[in-house]
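# Examination of the molecular architecture
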Amino acid sequence: MNLKVRHSLDYSYDFPVELDSHTLYLYPKAYPHQRVLNYSLVINPIPSNVIKNVDAEGNVEQVVHFFQGSVNRLTVQAEMTVCSDFVNVFDFVLFPFITKNIPFLYDNRIYKYLIPYLNRDDVTTYVEQFARKIAAEVNWETVPFLVELSKFIAETFTYQNREFGVAYPPDATLRDKIGSCRDYSRLFIAACRSLGIAARFVSGYLYGNLMQAHELHAWVEVYLPGAGWRGFDPTEGKVIANNHISLGASADFNQLAPVMGFFRGSAQSTLVTHVDIELV
């Protein structure tokens, strides 16, 4: 299916500021099932140039440079049409076969590339006990663990619409059983990593869910031997099919804001965002 997305971000400053360079993660990431058909980006004030790069994790970043001068406002409007084909997340064979159960070890050839996605900074005793309990309930089988973990968070926790701010620590989300999609994803990642499964944070859009209809969404991808990166959405409690549009994936939960940059001046900024997604 084809999905059209309009994403606007409007920054206003209570005193004039000068804009330094900004980095935008507002261009869809390349996948076999996801293709960009049309794309436009409008920025005001008009930048001196926009440079499209591929960052260290394979995401498209657009680096924006501005002319010198004071402004009271910055607006960014991205519009894209993306072809999102149906993908069966279970259409794979785990290999070697011993990886059908957790915990397992990645082959040395692959492991060296996955080290950032196995970082245990968020892994606590509380999180690991939580992950082990779910794993035990599905006989320590890899794929059933991922499915059940996603379902458990979606069905047991209370969703909280929190458009701004970093994701809460997994311990807090697990204790309070409440959170946003970012919080759920950070917890899911920590639980996976506690059992040796490489996992990364994904930012993008979700079509068809009223809670996420007008804002960015977050979910998780895990690396499975024989399958590569596969997506799971703990907010939906489902695997990724074709209603998610990925803008970027990272080992770090706080590195994929749609617009990142600095300004010079003594001012407070206010941000208003809006997302529209429609089937075309």
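Reference entry: report on the structure contained in this document. Just so it is clear, the structure is predicted and the values come from calculations on it, not from any experiment. (Residues numbered from 1 in each chain as written. Predicted model: local features only at pLDDT ≥ 70, side-chain atom pairs only at ≥ 80, totals over all residues. Heavy atoms only, no water.)

### A closer look at the overall build of the chain
What counts, and what does not: The helix and strand labels rest on DSSP assignments: H or I over at least four residues marks a helix, E over at least two residues marks a strand, and numbering proceeds from the N terminus. Every radius of gyration here is taken over C-alpha atoms, with the globule rule written as 2.2 Å times N^0.38, N being the number of residues. For every residue, the accessible area (1.4 Å probe, protein chains only) is compared with the maximum for its type, and the residue is labelled buried under 20%, exposed over 50%, or partly exposed between those bounds. Should any heavy atoms of two residues lie within 4.5 Å, those residues are considered in contact. Only the protein chains shown count as covering a residue, and every accessible area follows the Shrake-Rupley method with a 1.4 Å probe. Positive residues here are Lys and Arg, negative ones are Asp and Glu, while His and the chain termini are left out of the count. By convention, charge coordinates are those of NZ in Lys, CZ in Arg, CG in Asp, or CD in Glu.
Looking only at helices and strands, one finds five helices and 14 strands in the chain. Over its C-alpha trace the chain gives a radius of gyration of 20 Å, about what one expects of a compact globule, namely 19 Å for 280 residues. If one aligns the C-alpha atoms of the chain with their principal axes, the spans along those axes are about 60 × 40 × 40 Å. Relative to its full complement of 280 residues, the chain shows a buried share of 50%. Intrachain contacts of the chain at a sequence separation of at least 6 include 74% that bridge at least 24 residues. In the form shown here, the chain has an accessible surface area of approximately 13,300 Å², with 54% of it arising from carbon and sulfur atoms. When the 23 basic and 29 acidic side-chain charges of the chain are each reduced to a single mean position, those positions are 4 Å apart.

### Section: the pattern of salt bridges
Quick note on the threshold: Criterion for a salt bridge: a side-chain nitrogen of Lys or Arg within 4 Å of a carboxyl oxygen of Asp or Glu.
Applying the stated criterion to the full structure yields 13 salt bridges. Between Arg 73 and Asp 10 there is a salt bridge; the shortest N-O distance is 2.4 Å. With Arg 73 in strand β5 (residues 70-84) and Asp 10 in strand β1 (residues 2-24), this residue pair connects regions lying 63 residues apart in the sequence. A relative accessible area of 49% means that Arg 73 is categorised as partly exposed. Salt bridges here are not isolated pairs; linked through shared partners, they connect Lys 4, Arg 6, Glu 79 and Glu 278.

### Some thoughts on unusual backbone geometry
Backbone torsion omega between Phe 95 and Pro 96 reads 5°, so that peptide bond is classified as cis. Among the structural elements, Pro 96 can be located in the loop between β5 and α1 (108-114). Put simply, Ile 102 and Pro 103 share a cis peptide bond, and its omega is 0°. Along the chain, the position of Pro 103 falls in the loop between β5 and α1. Positive phi is not limited to glycine here, since Asn 139 has a value of about 60°. Among the secondary structure elements, Asn 139 is positioned in the loop between α2 (125-137) and α3 (142-156).

### Overview of the sheet that holds strand β9 (residues 217-224)
Adjacent strands of a sheet form backbone hydrogen bonds with each other and so pair up, either parallel or antiparallel. For clarity, the threshold we go by: Pairing between two strands is assigned when DSSP locates at least 2 bridges connecting them. The convention used is that axes are lines fitted to C-alpha atoms, helices contributing only their stretch in contact, and that angles between N-to-C directions extend from 0 to 180 degrees.
Here we have five strands laid out as an open sheet, ordered β11-β10-β9-β8-β12, and antiparallel in their pairing. Edge positions in the sheet fall to β11 (238-239) and β12 (244-250), since each of these pairs with one other strand and no more. As defined by bridge partners, strand β8 (residues 199-206) adjoins β12 across six bridges and the pair is classed as antiparallel. The residue of β12 that forms the bridge with Val 202 is Ala 249. Here helix α5 (residues 181-194) sits on the sheet in contact with β8, β9 and β10 (228-233), set at roughly 15° to β9.

### Regarding the environment of Asp 20
Note that Asp 20 resides in strand β1. Classification of Asp 20 by relative accessible area gives partly exposed; the value is 25%. Linking Asp 20 and Glu 215, residues 195 residues apart in sequence, is a C-alpha distance of 25 Å. Setting aside residues no more than four positions away along its own chain, Asp 20 makes contact with Phe 66, Phe 262, Phe 263 and Arg 264.

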